[in-house]
Amino acid sequence: MKKIILGITGGIAAYKAAELARLFVRGGSDVHVVMTPAATEFVAPLTFQTLTGHPVYTAMYSEQAGDRIRHIDLLENADVLLVAPATANTIAKMASGIADNLLTTLYLAARCPVVIIPSMNINMYNHRAVQDNINKLALHGCHVMDPEAGELACGVYGKGRMPEPEDIYAYTRAAISPNDFSGLNALVSAGPTREHLDPVRFLSNPSTGLMGYALARALSERGAAVTLISGHTHLNAPPGVKKVVVTSTEEMYNAVFENYKKCRLVIKAAAVSDYRPLKTAEQKVKKSNQVSTIELTRNRDILFELGKEKGNHILVGFAAETEDEIENARDKMLRKNLDMIIVNNLKEPGAGFAVPTNRVTIIDRSGNIEQLPLMDKDQLAHHILDRIAGLL
Ligand code: CTP
C-alpha cells in the first residue's frame, strides 16, 4: 500500500487519526491528509503535516506562485481513500453525492477503494437515517468498518466509538488486498524454539518471529484461514489469525502435525533448534567447581517429515545460510521435498534475524531463481505470496 489519502472529519475521535497516520507512515506508505473544515477545529493540520511530511489539504484550491493547484489531482495513483473518523454528516453527504468540500469531492472522483470508519454517538449511529446512509455507502462498494462498543466521548456507553488505530490499519490493509488466498487453510511456523537445560536455562537463537508473523498477517489479509505455530516472541498474533504457542522443537513438531492434514499450504519460517540437551534437569542446576559438558541429541526435522507426507500440500521452507546460499538452499529444497525455498544470507546487512527488513532469494522447484532487493518484511511477505499464488 503505497499512497493513502486519509480524510479526517470533525469528530472528537479526530485525535486518534494522528496515531493512524503514524502507523501508515511507519508501514512505508505515503500519506496525504485531507481535513474537512470542522476537523481542523479538533486537531491542528500542523500535527498531520509534521507526521506525514506533506502539506495538509483543507480547501479545493490553493494559490501557489499564481497557479491554481487542483487538489483533486491528489487521487492520482492513490491506493485507498480512508475516511477516519467519518461523522454522520460526512457519511450523509457521501451517500447522497454532495460535493461541498475537498473530501466529499474526492469521494465522488475516487476510482480507488474507499474505506469508511464511522464514529459518533450511539443514538446517532443507530438512527435510521445514518444506517440507511451507511448501507448506501456499502452499495457504492465502500468498505465500512463497524464501530466499537465502549465509553463514548459524550459519556454514554454503547456502539459508535472509533476502533483503535492498529485495528483500522489492519482492516484497511485487508480491505484493499487481493482475496486470492480466500478459502485456503494455511499453516505458518515462526519464531525460535527453546531447548531447556533446566527450568531457567535454554538453548535458542535470536529469531524474533517478524518474518513468520508478516507472512501470517499477509495471508490473513488475502483471505486465508491461518494457524500460526509460534515459538516465544514479543509479537501479538495478527488480527484473525489462530495462534498456538510452543516452546521446544518437539512441541512444534506435534502442533504442526496436528494441523497438517487440514492445511493445504505450509510455510515454515521458524528458526528451529536442530539439537536439544540429552538430559533436562528438573531443578535449577547449581554451579560447582567442576566444568561440565552439555551432551546434545538431534531433534526431528519437522519440514523433512512433512515432505515425506507431501500429497497435495504446498510446502515452503526458509534457509538460513552464511555461505554458498543458493547451492545449500536448493539442496535443502530437494532433500525436504519442498515446492519453494526462501534463502537469506545471514551475513548480509539488513537480512535475517531481529531486523524489520530482509534480503532474500526465492528458489522454486521449476528452477526459477529470483533475487530480491532489501525490503521491509511486510512487503516481502506479500511478494512471497504472489509467488506462492502461482503454485496454487
Ligand atoms: N526446519 C524444521 N525442523 C528442523 C530444522 C529446520 O522444520 N529441525 C525447517 C526450518 O523451519 C526451515 C528449513 O527447515 O524452513 C531450513 O532450516 P535451516 O535451519 O536453514 O536448515 P537445516 O535443515 O536445519 O540445516 P542446517 O542447519 O544444517 O543448515
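Residues numbered from 1 in each chain as written. Predicted model: local features only at pLDDT ≥ 70, side-chain atom pairs only at ≥ 80, totals over all residues. Heavy atoms only, no water.

One finds Leu215, Leu219, Leu265, Ile267, Ile384 and Ile388 to be the most contacted residues of the largest nonpolar core, which totals 33 residues. Mapped onto this core, the elements with two or more residues apiece are β10 (185–190), α9 (210–221), β13 (225–230), β15 (265–268), β18 (314–321), β19 (340–345), β21 (360–364) and α13 (377–389). Top contributing element to this core by residue count: α9, with seven residues. The contacts of Ile267, once residues within four sequence positions are left out, are Leu187, Val188, Ser189, Leu215, Leu219, Val316, Phe318, Leu385 and Ile388. Residues Val31, Met35, Phe48 and Met145 belong to the second largest nonpolar core, which totals 28 residues. (Core = buried A, V, L, I, M, F, W, Y, C linked by side-chain atoms within 4.5 Å. Buried < 20%, exposed > 50% of the residue type's maximum accessible area, 1.4 Å probe, protein only. Helix = DSSP H or I, 4+ residues; strand = E, 2+ residues; numbered from the N terminus. Contact = heavy atoms within 4.5 Å.)

Attention shifts here to helix α8 (residues 165–176). Relative to the 16 Å expected for 12 residues at 1.5 Å per residue, α8 spans 17 Å between its end C-alpha atoms, a close match to the ideal helical length. When we look at burial in α8, the residues that qualify are Pro165, Ile168, Tyr169, Ala170, Thr172, Arg173 and Ala175. Those residues of α8 that are buried lie in contact with α1 (16–26), β5 (80–86), β6 (114–118), β7 (143–144), α9 and α13. (Expected span 1.5 Å × (residues − 1).)

This brings us to the sheet that holds strand β22 (residues 369–371). Within the open sheet, the eight strands sit side by side as β14-β13-β10-β15-β18-β19-β21-β22. Their pairing is mixed. On the outer flanks of this sheet lie β14 (242–245) and β22, each paired with one strand and no other. Recorded for the sheet is a direction-independent mean angle of 15 degrees between the axes of neighbouring strands. Where β15 lies against β18, four bridges are found, and the strand directions are parallel. (Pairing = 2+ DSSP bridges. Axes fitted to C-alpha atoms, helices over the stretch in contact; angles between N-to-C directions.)

This paragraph deals with the domain arrangement of the protein. Segmentation of the protein into domains returns domain 1 (3–176) and domain 2 (185–391). Here the C-alpha centroids of domain 1 and domain 2 sit 39 Å apart. (Domains from an automatic or database assignment.)

Attention now goes to α1. Buried residues of α1: Lys16, Ala17, Ala18, Leu20, Ala21, Leu23 and Phe24, and no others. Residues of α1 that are buried sit in contact with β1 (3–8), β2 (30–35), α3 (45–52), β5, β9 (157–161) and α8. A positive backbone phi angle near 95 degrees is found at Gly28, which sits one or two residues after α1.

Checked against the element boundaries, Gly141 lands in the loop between α7 (128–139) and β7. On the basis of relative accessibility, which here comes to 47%, the residue Gly141 falls in the partly exposed class. Sequence separation between Gly141 and Ala270 is 129 residues; the distance between their C-alpha atoms is 39 Å.

What follows concerns the site of the ligand. With respect to spatial proximity, 14 residues lie near the ligand, and among them Lys268, Ala270, Phe318, Lys332 and Lys336 are the closest. With respect to the ligand, the backbone of Leu303 contributes an N or O atom lying 2.9 Å from an oxygen atom. The side chain of Lys332 places a nitrogen or oxygen atom 2.7 Å from an oxygen atom of the ligand. Here the ligand loses 79% of its free accessible area of 570 Å² to cover by the protein chains. (Near = heavy atom within 4 Å. Polar contact = N/O pair within 3.5 Å; in protein donor to acceptor, adjacent residues only side chain to side chain. Areas by Shrake-Rupley, 256 points an atom, 1.4 Å probe, with all protein chains shown as cover.)

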